[in-house]
Amino acid sequence: MLNEAGEPLCFVLSAPSGAGKTTLAHAVLQRLPQITRTISWTTRDPRPGEKDGIDYIFVTQDAFDENETLGGFVESAVVHGNNYGTPENEIRRIHDDGHDALMVIDVQGAEAVRTQLIDAVTIFVLPPSQKVLEKRLNGRDGADPTNEKSICRRLGVAVAEIDHFVRYDYLVINDDFNQAVRELEAILVAERCKQRHRLHQAGKILESFQ
Ligand code: ADP
Ligand code: 5GP
C-alpha cells in the first residue's frame, strides 16, 4: 500500500462522542485488512468491555505527562477532561508493516495532524440529529447513573465540535449504519485508487508493455 513517495496513507476520522465513529471504524477495518487503527493513550478509565492495548492504552496522568514531555505523541489533546494522544511510534509501526493508518481522534487532534501530515485524508462523521446523538450516548453509557454528568458534558462539547466538519475532506452521516459503513469504505478505497497513489503499480504494468 505505498503511494508514489513510498509512504503509506494516514486517515483521520472524527465525530462528536456517541456519533458512532468507533463502531463504524471497527466494521470498516474488518473489510479492509490493509488499514490499521492507531491505538491511542488515554488517562480516562476503561468502559465496560474495553480492553487495555486494544481499545486504548490506559495510563496514569504521570505516565501520559512524561511521554508528552519526551515528545512521544504525534498529537495530543484534552477531551472531555481526559488526556488522549497518538503515540508517534504507533504510526511508524503501522507504516513499517506497509499498512495505511487510521486515526480516530477529536477535532483538536485532527487540526494538529493537518499541520504535520499534509497528505492526511480527513473524514467527519455526523449523527442524524442531536436527539439521536443523545439517545446513542444514553444507550452506550446511560446504564451507569454516575455517567449522567459525562453524557451532558459530551453533548455540550458536540455542539462546538460539529462546526468543524467544514475543515474535513469528507462527510459521512451515520443514520443507517450499513449505508454509513459503505460510504466510509468507499472513501478509504477511493483514496487508495487515486492515480498519484498508483504510479508505482502503473509503472510496473507499463513496463510489461515494452
Ligand atoms: P463514538 O466512538 O463516536 O463515541 P460509538 O461507536 O461508541 O461512538 O457509538 C455510540 C453508540 O451508538 C454505540 O452504542 C453504537 O452501537 C451506537 N451506534 C453507532 N452507529 C449507529 C447507528 N447508525 N444506528 C444506531 N446506533 C448506532
Ligand atoms: P472516548 O472517550 O469516547 O473514547 O473518546 C473521546 C474523544 O477523544 C473522541 O472524540 C475520540 O475520537 C477522541 N480521541 C481518542 N483518541 C484520541 C487521540 O489519540 N487524540 C485525540 N486528539 N483525540 C482522541
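Not measured: the values here are computed from a predicted model.

Student: Tell me what's going on with the site of ligand 2, and back it up with residues and numbers.
Tutor: Near ligand 2 there are 19 residues, and of these Ser40, Arg44, Tyr56, Glu75 and Tyr84 occur at the shortest range. A distance of 2.8 Å separates an oxygen atom of ligand 2 from a polar atom in the side chain of Arg47. Expressed as a share of its isolated accessible area of 500 Å², the protein-covered part of ligand 2 is 97%. For the shell around ligand 2, the secondary structure elements donating two or more residues are β5 (73–79) and β6 (82–87).

Student: Describe the site of ligand 1, naming the residues involved and giving the relevant values.
Tutor: Gly18, Thr22, Thr23, Arg140 and Asn174 are the nearest of the 13 residues found near ligand 1. Within the backbone of Gly18, a nitrogen or oxygen atom sits 2.7 Å from an oxygen atom of ligand 1. A distance of 2.8 Å is found between an oxygen atom of ligand 1 and a side-chain nitrogen or oxygen belonging to Arg140. Look at ligand 1: alone it shows 570 Å² of surface, and the protein chains cover 75% of it. Put simply, the parts of the chain that give the shell around ligand 1 at least two residues each are α1 (21–31) and α5 (130–141).

Student: Which residues make up a negative patch on the surface, and what values do they have?
Tutor: A cluster of acidic residues, Asp62, Asp65, Glu66 and Glu68, forms a negative patch at the surface. Relative to the assigned elements, Glu68 resides in helix α2 (residues 61–69).

Student: Summarise the sheet that holds strand β4 (residues 57–58); cite the residues concerned and give the values.
Tutor: Reading across from one edge, β4-β3-β6-β5 is the order of the 4 strands in this open sheet, with mixed pairing throughout. Each edge of the sheet is formed by a strand with only one pairing partner; in this case those strands are β4 and β5. Bridge analysis of β5 against β6 gives 6 bridges, and the strand direction is antiparallel. Paired with Glu75 across the strands is Thr86, a residue of β6.

Student: Give me the lowdown on the packing of α5 against helix α6 (residues 148–162), citing residues and values where you can.
Tutor: Interhelical geometry of α5 versus α6 gives an angle of 150° and a closest axis separation of 10 Å. The angle between the axes of α5 and α6 places the two elements in the roughly antiparallel class. Crossing of α5 against α6: the hand is right-handed. The segment α5 lies against α6, with Gln130, Leu133, Glu134, Leu137, Asn138, Arg140 and Asp141 engaging Ile151, Arg154, Leu155, Ala158 and Val159. By residue class, the composition of the contact of α5 with α6 is 6 nonpolar, 2 polar and 4 charged.

Student: Describe the pattern of salt bridges, naming the residues involved and giving the relevant values.
Tutor: Going through the model one piece at a time under the given rule, you end up with 9 salt bridges. Among the salt bridges present, the one from Glu90 reaches Arg93, with a minimum N-O distance of 3.1 Å. Linking Glu90 with Arg93, this pair stays in helix α3 (residues 88–96), spanning 3 residues, or about one helical turn. As a salt-bridge pair, Lys194 and Glu191 come within 3.2 Å of each other at their nearest N and O atoms. On the basis of relative accessible area, Lys194 is assigned to the partly exposed category, the value being 34%. Look at Glu191 and you get buried, because its relative accessible area is 4%.

Student: Lay out the pairing of β6 with the relevant residues and their values.
Tutor: Among the 6 residues that make up β6, 6 are buried, leaving the element largely enclosed by the rest of the structure. Judged by which residues are buried, β6 turns out to be covered on both faces: Asn82, Tyr84 and Thr86 on one side and Asn83, Gly85 and Pro87 on the other are all buried. Pairing of strand β3 (residues 41–42) with β6 involves 2 bridges; the strand directions are antiparallel. Paired with Thr42 across the strands is Tyr84, a residue of β6. The antiparallel hairpin formed by β5 and β6 contains 2 residues in its connecting segment, where His80 sits at a positive phi of about 50°.

Calculation notes
- Residues numbered from 1 in each chain as written.
- Chains lettered and ligands numbered in written order.
- Predicted model: local features only at pLDDT ≥ 70, side-chain atom pairs only at ≥ 80, totals over all residues.
- Heavy atoms only, no water.
- Near = heavy atom within 4 Å.
- Polar contact = N/O pair within 3.5 Å; in protein donor to acceptor, adjacent residues only side chain to side chain.
- Areas by Shrake-Rupley, 256 points an atom, 1.4 Å probe, with all protein chains shown as cover.
- Helix = DSSP H or I, 4+ residues; strand = E, 2+ residues; numbered from the N terminus.
- Patch = residues over 30% accessible without salt bridge, like charges linked within 9 Å, V, L, I, M, F, W, Y side chains within 5 Å.
- Salt bridge = Lys/Arg side-chain N within 4 Å of Asp/Glu carboxyl O.
- Lys, Arg positive; Asp, Glu negative; His and termini not counted.
- Charge placed at Lys NZ, Arg CZ, Asp CG, Glu CD.
- Pairing = 2+ DSSP bridges.
- Axes fitted to C-alpha atoms, helices over the stretch in contact; angles between N-to-C directions.
- Parallel < 35°, antiparallel > 145°, perpendicular 65-115°, else oblique.
- Left-handed = near helix turned anticlockwise from the far one by under 90°.
- Contact = heavy atoms within 4.5 Å.
- Nonpolar A, V, L, I, M, F, W, Y, C, P; charged D, E, K, R; others polar.
- Buried < 20%, exposed > 50% of the residue type's maximum accessible area, 1.4 Å probe, protein only.

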